[in-house]
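If you want the building blocks of each chain, they are given just below.
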Amino acid sequence: MQRILAVLVAAVIGVAPLSQAMAAPPEQKVDVKLAVLAPSALLWLHAIAQQQGFYDKHNLAIRELRASDSPALMQAVASGSADAGIGLGDLAVRAIDKGAPIIIAGAVLDKTILRLYGAKAATSMKDLAGKPLTAGAVKGGTADLLKYQLKLAGVDPKGVQMVSIANSRDRIIAMSNGQVAGALLIAPFDTLAAREGANLLDVYREPYVQTPLVLNKPWATANRETAVALTQALKEAAAFINNPANKDESISVLARYTKTDRDVCADSYAFIVGEQKAIPADLSVPAAGLENLYKIDAAVNGTDALAAPAFELSRYYDPSFIAGK
């Protein structure tokens, strides 16, 4: 009996190392350099992908590269300093028009989540006429959007003075101290402004790809599987936030990410997901959402739309990353 036990013990000892050797090692995560701006609702899907494990699910190790402003972000992606970025749509299409090696893989936001607020004394769009205003930069997409909203309201955009204030928190301060009479604000900071007495004046409701996921084309070609995985992780985050069952957790994600009170972020959810329906559940890019960028530019800056080549969505957007191919 003792000899039998000895044989069995020896067999177990001999087999154990073999079984351990046969066990597959954990798969190493793939690094992705992702260019982003300061935390805000523009990056809500990114925050969800981080906190809900969608990046982990696709075996991605995301390294954030915090850009100082939107042009710097797009330059980082175009130059290859970043593999991908979540930036502004107008800068993406302009960069592509100039030959930058980038492509849009999906729409993180296909409608604007910027709300135009006036300071306490500005109760209508007419009150902004001839006043200093801010939309972040003094020219480009967000500045053009503000001017377009003024024009639709019958206010001459040429009469206003655009002030450069990149951060939405600082724009609130600028309104409260009288530096500007109005500002385009991103969530959740728009709600903070309203609580300080600012007046909601306008929201642009038409399709408008405010924030796309942009890929560096050489990187995406050389790392196709990783580029698809990145897009799929954000697509799953979009499906998550659009599922009413995930409302509470989505609000909590934004509160943690932006270090803002949860009730403020609840207002952001009500506006962005409920009212504006700005996040496409499948990340798809509507043609009108890019075409309107050019329409606004033409209306505000007098760009000759007839002189421009016919719009082709495929020039800017590759849906195969969303499709998972």
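Trainee: Lay out the sheet that holds strand E4 (residues 102-109) in plain terms, naming residues and giving numbers.
Mentor: Reading across the sheet, the 5 strands line up as E2-E1-E3-E10-E4 and stay open at both edges, with mixed pairing between neighbours. Strands with a single pairing partner mark the edges of an open sheet, and in this sheet they are strand E2 (60-66) and E4. Averaged over all neighbouring strand pairs, the angle between strand axes comes to 25°, with direction disregarded. Where strand E1 (residues 30-36) lies against strand E3 (residues 84-86), 2 bridges are found, and the strand directions are parallel. Bridge pairing in E3 links Leu-34 to Ala-84.

Trainee: Mind laying out the environment of Val-77, listing which residues take part and the relevant values?
Mentor: Tracing the backbone shows Val-77 in helix H4 (residues 70-79). For Val-77, a relative accessible area of 0% translates into the label buried. Counting along the chain gives 23 residues from Val-77 to Ala-100, while the straight-line C-alpha distance between them is 9.2 Å. Dropping the residues within four chain positions of it, Val-77 is found in contact with Ala-35, Ala-82, Asp-83, Ala-84, Gly-85, Ile-102, Val-214, Leu-215 and Asn-216.

Trainee: With reference to specific residues and values, describe the packing of helix H11 (residues 247-258) against helix H12 (residues 262-275).
Mentor: The N-to-C vectors of H11 and H12 enclose an angle of 120°; their axes lie 8 Å apart at closest approach. Here H11 is positioned oblique relative to H12, judged by the angle of their axes. As for the relative orientation of H11 and H12, their crossing is right-handed in sense. Taken together, the residues of H12 that come into contact with H11 (itself represented by Lys-247, Asp-248, Ser-250, Ile-251, Ser-252, Leu-254, Ala-255 and Thr-258) are Arg-262, Cys-265, Ala-266, Ser-268 and Tyr-269.

Trainee: Would you mind going over the packing of helix H6 (residues 141-152) against helix H13 (residues 287-301) in detail, with residue names and values included?
Mentor: One can describe the packing of H6 onto H13 by two numbers: an axis separation of 9 Å at closest approach and a directional angle of 65°. Regarding the angle of H6 to H13, the classification is roughly perpendicular. Read as a crossing pair, H6 and H13 show a hand that is left-handed. On the side of H6, the interface is formed by Asp-144, Leu-145, Lys-147, Tyr-148 and Lys-151, while H13 contributes Lys-295, Ile-296, Asp-297, Ala-299, Val-300 and Asn-301. Classifying every residue of the contact of H6 with H13 gives 5 nonpolar, 1 polar and 5 charged.

Trainee: Now, about the nonpolar core: what can you tell me, with residues and values included?
Mentor: Residues Leu-45, Leu-213, Leu-215 and Ile-272 are the most contacted members of the largest nonpolar core, which totals 112 residues. It is helix H10 (residues 224-242) that contributes the most residues to this core, 10 residues altogether. Apart from the residues within four sequence positions on either side, Leu-45 is in contact with Val-108, Leu-234, Ala-237, Ala-238, Ile-241, Ile-279 and Leu-283.

Trainee: Give a detailed account of the sheet that holds strand E9 (residues 199-202), specifying residues and quantitative values.
Mentor: The 5 strands are arranged E7-E6-E8-E5-E9 in an open sheet whose pairing can be described as mixed. The sheet is open, and its two edges are formed by strand E7 (161-164) and E9, each paired on a single side. The sheet shows a mean angle of 40° between the axes of neighbouring strands, direction not considered. Where strand E5 (residues 114-118) and E9 come together, 3 bridges link them in antiparallel fashion. Note that in E9 the partner of Gly-118 across the bridge is Asn-199. Relative to strand E8 (residues 182-186), helix H7 (residues 168-176) is tilted by about 155°, and along the sheet it contacts E5, strand E6 (132-136) and E8.

Trainee: Mind laying out the pattern of salt bridges, listing which residues take part and the relevant values?
Mentor: Where charged atoms from two side chains of opposite charge come close, those side chains can pair. Tallied over the full model, the rule gives 12 salt bridges. The partner of Arg-94 in a salt bridge is Asp-297, with the nearest N and O atoms 2.7 Å apart. Placement of Arg-94 in helix H5 (residues 89-97) and of Asp-297 in helix H13 is noted, with a sequence separation of 203 residues between them. The class for Asp-297 is buried, based on a relative accessible area of 13%. Close ionic contact of Asp-267 with Arg-115 constitutes a salt bridge, the shortest N to O distance being 3.0 Å. Highlighted residues: Asp-267 in helix H12 and Arg-115 in strand E5, separated in sequence by 152 residues. Residue Asp-267 is classed as partly exposed on the basis of its relative accessible area, which comes to 32%.

Trainee: An account of helix H2 (residues 44-51) is needed here, citing residue identities and associated values.
Mentor: Since one α-helical turn is 3.6 residues long, residues separated by three or four positions face the same way. Among the 8 residues of H2, 6 are classified as buried, and the element is accordingly described as predominantly covered. For H2, the full list of buried residues reads Trp-44, Leu-45, His-46, Ala-47, Ile-48 and Ala-49. Of the residues flanking the end of H2, it is Gly-53, one or two places downstream, whose phi is positive at about 85°.

Trainee: Account for the packing of aromatic side chains, naming residues and giving values.
Mentor: The final tally for this structure, using the stated rule, is 7 aromatic pairs. Judged by centre distance (5.9 Å) and plane angle (75°), the rings of Tyr-204 and Tyr-208 are edge-to-face. Each member of the pair, Tyr-204 together with Tyr-208, is buried. Over the ring of Phe-271 we find Arg-115; its NZ or CZ atom is 4.0 Å from the centre of that ring. When the ring centre of Phe-321 is taken as origin, the NZ or CZ atom of Arg-224, which lies over that ring, is 4.1 Å away.

About the cut-offs
- Residues numbered from 1 in each chain as written.
- Predicted model: local features only at pLDDT ≥ 70, side-chain atom pairs only at ≥ 80, totals over all residues.
- Heavy atoms only, no water.
- Pairing = 2+ DSSP bridges.
- Helix = DSSP H or I, 4+ residues; strand = E, 2+ residues; numbered from the N terminus.
- Axes fitted to C-alpha atoms, helices over the stretch in contact; angles between N-to-C directions.
- Buried < 20%, exposed > 50% of the residue type's maximum accessible area, 1.4 Å probe, protein only.
- Contact = heavy atoms within 4.5 Å.
- Parallel < 35°, antiparallel > 145°, perpendicular 65-115°, else oblique.
- Left-handed = near helix turned anticlockwise from the far one by under 90°.
- Nonpolar A, V, L, I, M, F, W, Y, C, P; charged D, E, K, R; others polar.
- Core = buried A, V, L, I, M, F, W, Y, C linked by side-chain atoms within 4.5 Å.
- Salt bridge = Lys/Arg side-chain N within 4 Å of Asp/Glu carboxyl O.
- Phe/Tyr/Trp six-rings, centres within 6.5 Å; stacked < 30°, edge-to-face > 60°.
- Lys NZ or Arg CZ within 6 Å of the ring centre and 35° of its normal.

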